[in-house]
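Structural characterization, general
Letter by letter, the chains look like this.
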Amino acid sequence: MAELRYCRHKEIDQEKWDKAIDQSYNGLVYAYAFMLNHMTGKRWDALIYGDYEAVFPLPWNRKFGIAYLYQPYLCQQLGLFSDKKISTEFLQQFIDAIPKRFRYWKIHLNSENTFFHPRMDFVN
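Structural notes, computed from the coordinates. None of these values were measured; they are calculated from a predicted model. (Residues numbered from 1 in each chain as written. Predicted model: local features only at pLDDT ≥ 70, side-chain atom pairs only at ≥ 80, totals over all residues. Heavy atoms only, no water.)

The helix and strand tally for the protein chain stands at three helices and eight strands. For the protein chain, the α and β elements follow one another from N to C terminus as β-α-α-β-β-β-β-α-β-β-β. Computed over its C-alpha atoms, the radius of gyration of the protein chain comes to 13 Å, within 12% of the 14 Å expected for a compact globule of 124 residues. For the protein chain, the spread of C-alpha atoms along the three principal axes comes to 40 × 30 × 25 Å. Split into buried and exposed, the 124 residues of the protein chain put 48% on the buried side. Relative to all contacts within the protein chain whose residues are 6 or more apart in sequence, the contacts with residues 24 or more apart total 63%. Counting every atom, the protein chain has about 7100 Å² of accessible surface; 52% of that belongs to carbon and sulfur. (Helix = DSSP H or I, 4+ residues; strand = E, 2+ residues; numbered from the N terminus. Rg over C-alpha atoms; globule rule 2.2 N^0.38 Å. Buried < 20%, exposed > 50% of the residue type's maximum accessible area, 1.4 Å probe, protein only. Contact = heavy atoms within 4.5 Å. Areas by Shrake-Rupley, 256 points an atom, 1.4 Å probe, with all protein chains shown as cover.)

A complete count under the given rule lists three salt bridges for this structure. The salt bridge partner of R101 is D45, with a shortest N-O separation of 3.3 Å. A residue pair is termed long-range when its members are at least 10 positions apart, and R101 in the loop between α3 (88–97) and β6 (102–105) and D45 in strand β2 (residues 44–49) qualify at 56 residues. Taking relative accessible area as the criterion, R101 reaches 27% and is therefore assigned partly exposed. Here D83 and K84 are joined by a salt bridge, their closest N and O atoms 3.6 Å apart. The class for D83 is partly exposed, based on a relative accessible area of 40%. In this structure K84 comes out as exposed when scored by relative accessible area, which is 55%. (Salt bridge = Lys/Arg side-chain N within 4 Å of Asp/Glu carboxyl O.)

Nonpolar side chains in soluble globular proteins tend to end up buried together. Of all hydrophobic cores here, the largest spans 20 residues; its most connected members are I12, W17, I21, W44, I48, Y52 and V55. Residue assignment for this core shows that the elements contributing at least two residues are α1 (14–23), α2 (33–40) and β2. Tallying contributions element by element places α2 first for this core, with four residues. The residues contacting W17, other than those within four sequence positions of it, are I12, A31, Y32, A33, L36, W44, A46, I48, Y52, V55, F56 and P57. (Core = buried A, V, L, I, M, F, W, Y, C linked by side-chain atoms within 4.5 Å.)

Attention now goes to the packing of aromatic side chains. According to the stated counting rule, one finds six aromatic pairs in the structure shown. Their ring planes at 15° and their centres at 6.2 Å tell us that F56 and F94 sit as a pair that is stacked. Residue F56 is located in strand β3 (residues 54–63), and its partner F94 is located in helix α3; the two are separated by 38 residues in the primary sequence. By relative accessible area, F56 is classed as buried at 0%. By relative accessible area, which is 0% here, F94 ends up buried. Its guanidinium or amino end placed over the ring of W60, R101 lies 5.8 Å from that ring's centre, counting from NZ or CZ. (Phe/Tyr/Trp six-rings, centres within 6.5 Å; stacked < 30°, edge-to-face > 60°. Lys NZ or Arg CZ within 6 Å of the ring centre and 35° of its normal.)

The next point concerns the packing of α1 against α2. The geometry of α1 relative to α2 is characterised by a closest axis approach of 9 Å and an angle of 115° between their N-to-C directions. Considering the angle they form, α1 stands roughly perpendicular to α2. Taken together, the residues of α2 that come into contact with α1 (itself represented by Q14, W17 and D18) are A33, L36 and N37. Grouping the constituent residues of the contact of α1 with α2 by class yields three nonpolar, two polar and one charged. (Axes fitted to C-alpha atoms, helices over the stretch in contact; angles between N-to-C directions. Parallel < 35°, antiparallel > 145°, perpendicular 65-115°, else oblique. Nonpolar A, V, L, I, M, F, W, Y, C, P; charged D, E, K, R; others polar.)

What follows is the structure in structure tokens.
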């Protein structure tokens, strides 16, 4: 079984990342490395499943010492990208794997991500 891991920006193989977005059935231009690099100033990490079989960008920033996830300007939708149909359970694994250091999240999931949690501010 493939492993889900958190990777900091410098650990991400951006060629493999872009290939994963190319091959995903729900790929969007907003999720390519060049776009994320430009729109976040290279302040994005990621959750990566296996050998880039599924990817979830985590654009982050810090305010008053608190790290948070946000939706970058001009990036309409992000979330989980995969070459296989995304189940709610699979998406939940990614949500659960987001590091606790991110105290606040405001993420616009892409239209193929179905998720609801009453205590989290997700926009779909």
